[in-house]
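Residues per chain are reported as follows:
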Amino acid sequence: MYQNGYVHVLNKKQCQNLSENEWYIRAAIQHVNQTNICTRCNQVIAETCILPNGVCYCPFCLQFGRLTSQDFLCSKKPSECVRREVFLSWQGELTIYQKRVADALCQNYFLHQHTLVWAVTGAGKTEMLFPLIYQALSDGKRVCIASPRIDVCLELFPRIKQAFTAEDIYLLYGNSEESYRETSLFICTTHQLVHFYRSIDVLIIDEIDAFPYADDVFLNFASKQALKKDGLQVFLTATPSNQLIKNLNREKNFQICKLPLRFHQRPLLQPKCIWFNQWEKIPYHPRKGRKFVRLLQELCQNQIVLVFCPSIQYNHQLYVYVHNQLPNISMTEVSSIDEKRQEKVRKLRNQHFKIIFTTTILERGVTIDNVSIVIVGANHPVFSKSALVQIAGRADRKGTVQNGRVYFLLSDYTLEIKQACREIAAMNQLAKKWLNDEMRLV
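What you are looking at is a predicted structure, and each value in this text was computed from that prediction instead of being measured.

J.: When you look at the pairing of strand S6 (residues 71–76) in this model, what are you seeing that I'm missing?
T.: Across a regular strand the side chains alternate sides, sitting on one face of the sheet and then on the other. Most of S6 sits out of view: 5 of its 6 residues are buried. Note: strand S2 (residues 23–27) against S6, 5 bridges, orientation antiparallel. Bridge pairing in S6 links Arg-26 to Leu-73.

Listed below in structure tokens is the structure:
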């Protein structure tokens, strides 16, 4: 059986062979105050959720395997931490601003204080984690880096592996090809945290505000259950919601570290809002279509162009139209239902395409050099303030000189667009102040 808190679903007879001194043993469904509550997802189960044999079951977390009132959730209690030698192979150097955040994370680790790192896109959040991960692993702790998005996990994995080459690092997500194994450092989607109970010492959740984690009660519950009672939480985001900031400010043991500067210390690109009435008709309206195609032609002369669309259907329609208009330019489309998504993203990083049409699936976790951004229908409800800021942040993340542009094509100047533009401007203003203050100290 898997050790270190990996949860097994067992029956009563199987549990009889387990020692409660070595195992956490919980009834899968508990009856509390005449109410059935699922121990795995913390949902209240209606009285109608009964199998033909009269046994109660949980309908809310079926995707992880059926739980009934006859089942038990069992996980091995972790052994004591033993200090060990850890090798950090990363040879890069943090900026003075990144080092401040990295130092704060390590200090909070020793003080046992949870942390939210609020850093702009392209600030180098991953690299700022390395000293904390090194310290925790050296103390014999178990570290998990989780994200709501598979794409983010897939981008994080090689970077973490390159920084800790001597560590056995496991990548866990829904369709993982590799069988589960126990490691001191692993990366997973937040959904996979449901498989752990009181086994993680340091839980780092990247893109804490991303769908589906942000508003999912079950995923939030699962992440807390996966953490040891004395475990440490680190949240990372470029776009925290007002509610998240408000909630954390109420916590006595949570510090917020802010970083408005990117690694290269250039400001975020301020989006240019372009009025585009009835943008929905671009694939069918000759005049609107020509105007849009001219914009893409201009941009892809010097950059790769990411075109973000509000729906899978519209994404396909726009791709087909532009592909017919510009048959000699390499382009493709990608969405959550695309089985070749990972392969296309890899080709995109290798400059294989000049234009890629995408839904919000690529709003996070994708870093490409020399790219411009076009959001078609930026006023559509699917583009929240956070999504707009994240998407705009895909541009000018790398390189020694500024490159790329960001365009919001819209037919209504929504509150979300206003807030996104204001937030980018505010972060740039704060970054400018930090740089000026630093110059005065030199």
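J.: Just to check I follow, could you spell out the sheet that holds strand S3 (residues 29–32) for this structure?
T.: Through backbone hydrogen bonds, the strands of a sheet pair up, either in parallel or in antiparallel fashion. With respect to topology, 3 strands assemble into an open sheet ordered S3-S4-S5, the strand pairing being antiparallel. The two strands at the open ends of the sheet, each matched to only one other strand, are S3 and strand S5 (44–45). Bridge count for S3 against strand S4 (residues 35–38) is 4 bridges, and the pairing is antiparallel. Residue pairing across strands places His-31 opposite Asn-36, the latter belonging to S4.

J.: I tried to follow the environment of Leu-227 on my own but got confused; where do I start?
T.: Take Leu-227: it is sitting in strand S12 (residues 227–237). Residues Leu-227 and Cys-257, 30 residues apart in the sequence, show an inter-C-alpha distance of 22 Å.

J.: I would appreciate a short explanation of the nonpolar core in the present structure.
T.: A general feature of soluble globular proteins is that nonpolar side chains tend to end up buried together. In terms of nonpolar packing, the biggest core is built from 112 residues, with Ile-133, Phe-164, Ile-204 and Phe-408 touching the most fellow members. Per-element accounting of this core gives the leading share, 7 residues, to helix H3 (residues 125–138). Excluding residues that lie within four positions of it along the chain, Ile-133 makes contacts with Val-143, Ile-145, Ile-160, Phe-164, Leu-185 and Ile-204. Counting residues in each nonpolar core, the second largest holds 27 residues, with Phe-292, Val-305, Val-307 and Tyr-319 among its members.

J.: Can you walk me through the packing of helix H4 (residues 150–163) against helix H9 (residues 341–349) in this structure?
T.: Pairs of packed helices are described in terms of their axes, by the angle between the two and the distance that separates them. Relative orientation of the contacting elements H4 and H9 amounts to 50°, with a least axis distance of 12 Å. For the element pair H4 / H9, the angle class is oblique. Remark: the crossing between H4 and H9 carries right-handed chirality. Of the residues in H9, those in contact with Ile-150, Asp-151, Leu-154 and Glu-155 of H4 are Arg-341, Gln-342 and Arg-349. Its residues assigned to classes, the contact of H4 with H9 comprises 2 nonpolar, 1 polar and 4 charged.

J.: What exactly am I supposed to notice about the sheet that holds strand S1 (residues 8–11) here?
T.: Taken together, the 3 strands give an open sheet; going across it, the order is S1-S6-S2, and neighbouring strands pair in antiparallel fashion. Edge positions in the sheet fall to S1 and S2, since each of these pairs with one other strand and no more. Mean inter-strand twist for the sheet, computed between neighbouring axes without regard to direction, equals 35°.

J.: Teacher, can you tell me more about H3 here?
T.: Side chains three or four residues apart in an α-helix point the same way, a direct result of the helix having 3.6 residues per turn. If you check H3, its first and last C-alpha atoms are 21 Å apart, about what 14 residues at 1.5 Å a residue would give, namely 20 Å. Taking the largest bend as the criterion, H3 deviates by roughly 30°, centred on Pro-131. Within H3, burial applies to Lys-125, Thr-126, Glu-127, Met-128, Leu-129, Phe-130, Leu-132, Ile-133, Ala-136, Leu-137 and Ser-138. Phi turns positive, to about 80°, at Gly-140, one or two residues after H3.

J.: Teacher, can you tell me more about the side chain of Ser-75 here?
T.: For Ser-75, the position within the fold is in strand S6. Excluding its chain neighbours within four sequence positions, the residues that come into contact with Ser-75 are Gly-5, Tyr-6, Val-7, Glu-22, Trp-23, Tyr-24 and Tyr-197.

Conventions adopted
- Throughout, a residue's number is its position along its own chain's written sequence, starting from 1.
- Reporting of local features is limited, given that this is a predicted model, to residues whose pLDDT is at least 70; pairs of side-chain atoms are given and counted only at 80 or more, and all residues count toward the totals for whole chains, interfaces and linings.
- Side-chain numbers here rest on the full set of heavy atoms in the structure, without hydrogens or water.
- Remark: exposure states derive from per-residue accessible area (1.4 Å probe, protein chains only) relative to the maximum for the residue type, with buried under 20%, exposed over 50%, and partly exposed in between.
- A run of DSSP states H or I qualifies as a helix once it reaches four residues; a run of E qualifies as a strand once it reaches two. Both are numbered from the N-terminal end.
- Strands are labelled as partners when DSSP assigns at least two bridges between them.
- As used here, the term nonpolar core means buried Ala, Val, Leu, Ile, Met, Phe, Trp, Tyr and Cys residues forming a set that is joined through side-chain atoms within 4.5 Å.
- Contact definition: two residues touch when any of their heavy atoms are within 4.5 Å.
- Comment: axis = line fitted to C-alpha atoms, over the contacting stretch for helices; angle = value between 0 and 180 degrees taken between N-to-C directions.
- In these notes the angle categories are as follows: under 35 degrees is roughly parallel, over 145 is roughly antiparallel, 65 to 115 is roughly perpendicular, and the rest is oblique.
- Should the near helix be turned counterclockwise from the far one by less than a right angle, the crossing is left-handed, whereas a clockwise turn marks it as right-handed.
- Polar here means any residue outside two lists: the nonpolar Ala, Val, Leu, Ile, Met, Phe, Trp, Tyr, Cys and Pro, and the charged Asp, Glu, Lys and Arg; Gly therefore counts as polar.
- Under the convention used throughout, the expected extent of a helix is 1.5 Å for every residue step, that is, one less than its residue count.
- Note on bend: at a given residue it equals the angle between the axes fitted to the 7 residues ending there and to the 7 starting there.

All we've got here are geometric facts, nothing functional implied.
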